[in-house]
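# Observations on chain architecture
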Amino acid sequence: IHFYKRILSSPMGQALHRAVPPGLLPVLPPLAHDQDQDHLSSQIIHLDNLEDNPITEQEEEEKFPDLSNLPPELAMNVLKNLNATDLCLASCVWQQLATDNILWQGLCRTQWQYASIYNDTSKKPLLYRNVYLMLDEGSLTFNSDASQGMNYFITKGLVKNDPYEIARFIHGTSSLVKSKVRQYVQGRQDIVEYLVNLQNYANTFLPNALRRFFSKLEAPNDRGSYLQRLLEQFSVRFCQCNPSMGMSVDSVYVMCFSLILLSVDLSSPHVKNKMSKREFIRNTRGAVGAEGAVRTAVDDDLFGSLYDNVFLRGHVADQEVPLEKGCKQQFVPGYLALFL
């Protein structure tokens, strides 16, 4: 009691001093003022050095190597994986390597597999970087105006003004918009014939061959004379590539029309009563028989396989896609197959 009275009656500083018995707190030797300043200044200098040199040795080892220090063959193998835009950017650093003619030749032949200028001996040596820029400019022009773009290719000497050369150029590139290609070749039947003959349908199922055909030549929106000419030429080419099937051109032509009608029927949301497998077999059998086809060559099993292909993979006029990506329905239960 006397101890607490002494604390309350004295000032706060004296109360705390008396409340702690002497000898419990360790005695710390005083640090010199100069030592404190030296210690703080050394830490500040160390932090400044870290900020000025943030790249560690590990990061320095992981840094992209200078291609100019590598063997030329190895540097070329690295640069050939770049596209045209990245290669132009790389030429700002490695001008001699990134402007190599072989690299730009590979880019040209990758995007445009064939052009008449590739075989033009009068323009040797051919600078493929300039050729790439002209082909790219011509493709952009063609995708805006087909006639003007083809005139650009011809006047610049990139493509000869010959139906076969134009067909080979169109067949070997995917840089041209299909709708513009259709607009251009729709009035050039000579080019269409060469385009069809450049395709190979050997050992290819008929619906898959049609998808490949329409991936090169876009199908028109109507069933006019242009579509009829396309299917006639396709039927001739398909029979030429598959002579062992024993099918006539007329029967292939009729089956192509049947596949197109079936594709529209199954894929259109406006058709409520879809064509069944039995109806397709009956209709196609009657149409092919009316054309005088040999019944032993084309039978009901073939017609049923045609229906299954369109039912699973979709429209024959769509671009050809892998089976696992294009399937509308991966599995058809057995009890549903009875009603097809």
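This write-up is about the structure you can find in this document. (Residues numbered from 1 in each chain as written. Predicted model: local features only at pLDDT ≥ 70, side-chain atom pairs only at ≥ 80, totals over all residues. Heavy atoms only, no water.)

## Description of the layout of surface pockets
- Looking at the largest pocket, its volume works out to about 270 Å³.
- If you trace the largest pocket, you find 15 residues lining it, with Thr 173, Ser 174, Lys 178, Ser 215 and Lys 216 closest to the centre.
- The set of elements that each furnish at least two residues to the lining of the largest pocket consists of α8 (101-111), α11 (163-171), α12 (178-185) and α14 (206-216).
- Looking at the lining of the largest pocket, its residues break down into four nonpolar, nine polar and two charged. (1 Å grid on protein atoms, 1.4 Å probe; cavity = no way out; pocket = protein on both sides within 12 Å on 5 of 7 lines; lining within 4 Å. Points joined across faces, edges and corners; volume = space filled by probe spheres on them. Helix = DSSP H or I, 4+ residues; strand = E, 2+ residues; numbered from the N terminus. Nonpolar A, V, L, I, M, F, W, Y, C, P; charged D, E, K, R; others polar.)

## Considering unusual backbone geometry
- One non-glycine residue, Asn 203, adopts positive backbone phi at about 55°.
- Structurally, Asn 203 is set in the loop between α13 (189-197) and α14.
- Residue Asn 203 is classed as exposed on the basis of its relative accessible area of 77%. (Buried < 20%, exposed > 50% of the residue type's maximum accessible area, 1.4 Å probe, protein only.)

## Some thoughts on α11
- Burial in α11 covers these residues: Pro 163, Glu 165, Ile 166, Ala 167, Phe 169 and Ile 170.
- Those residues of α11 that are buried lie in contact with α9 (128-144), α10 (146-155), α12 and α13.
- Where α11 starts, the residue carrying a side-chain oxygen 3.1 Å from the main-chain nitrogen of Tyr 164 turns out to be Asp 162. (Contact = heavy atoms within 4.5 Å. Polar contact = N/O pair within 3.5 Å; in protein donor to acceptor, adjacent residues only side chain to side chain.)

## Considerations on the side chain of Asn 242
- Counting through the fold element by element, Asn 242 comes out in the loop between α15 (225-241) and α16 (249-267).
- A polar contact of 3.0 Å, which involves the side chain of Asn 242, links it to the backbone oxygen of Tyr 201.
- Those residues within four positions of Asn 242 in sequence are excluded, and the remaining contacts are Tyr 201, Ala 202, Asn 203 and Thr 204.

## Some words on the environment of Tyr 184
- Along the chain, Tyr 184 falls in helix α12.
- In the structure, Tyr 184 is positioned 34 residues away from Met 150 in sequence and 8.8 Å away in space, judged by C-alpha atoms.
- Residues contacting Tyr 184, with those up to four places away along its chain left out, are Phe 142, Ala 146, Met 150, Ile 166 and Ile 191.
- Within the structure, Tyr 184 has its side chain in polar contact with the side chain of Arg 188 (distance 3.4 Å).

## Observations concerning the packing of α16 against helix α18 (residues 300-313)
- Interhelical geometry of α16 versus α18 gives an angle of 40° and a closest axis separation of 10 Å. Taken together, α16 and α18 sit at an angle that is classed as oblique. Here the hand of the crossing between α16 and α18 comes out right-handed. Residues Met 255, Leu 259, Leu 262, Ser 263 and Leu 266 of α16 pack against Leu 302, Phe 303, Leu 306, Tyr 307, Val 310 and Phe 311 of α18.
- The residue inventory of the contact of α16 with α18, partitioned by class, reads 10 nonpolar, one polar and no charged. (Axes fitted to C-alpha atoms, helices over the stretch in contact; angles between N-to-C directions. Parallel < 35°, antiparallel > 145°, perpendicular 65-115°, else oblique. Left-handed = near helix turned anticlockwise from the far one by under 90°.)

## Points about the pattern of salt bridges
- Enumeration over the complete set of coordinates arrives at four salt bridges.
- Here Arg 182 makes a salt bridge to Glu 218, at a shortest N to O gap of 3.1 Å. Within this pair, whereas Arg 182 is found in helix α12, its partner Glu 218 is found in the loop between α14 and α15, the two being separated by 36 residues in sequence.
- Here Arg 182 falls in the buried class, since its relative accessible area comes to 15%.
- Accessibility expressed as a relative area gives 26% for Glu 218, which makes it partly exposed. (Salt bridge = Lys/Arg side-chain N within 4 Å of Asp/Glu carboxyl O.)

## Notes on the environment of Asn 208
- On the secondary structure map, Asn 208 appears in helix α14.
- A relative accessible area of 16% places Asn 208 in the buried class.
- Separated by 109 residues in sequence, Asn 208 and Ala 317 have C-alpha atoms that sit 9.9 Å apart.
- Within the local environment of Asn 208, its side chain forms a polar contact with the side chain of Arg 313, the two groups lying 3.1 Å apart.

## What about the side chain of Ser 175?
- Structurally, Ser 175 can be placed in the loop between α11 and α12.
- Ignoring anything within four residues of it in the chain, the contact list for Ser 175 reads Gln 111, Trp 112, Ser 139 and Asn 143.

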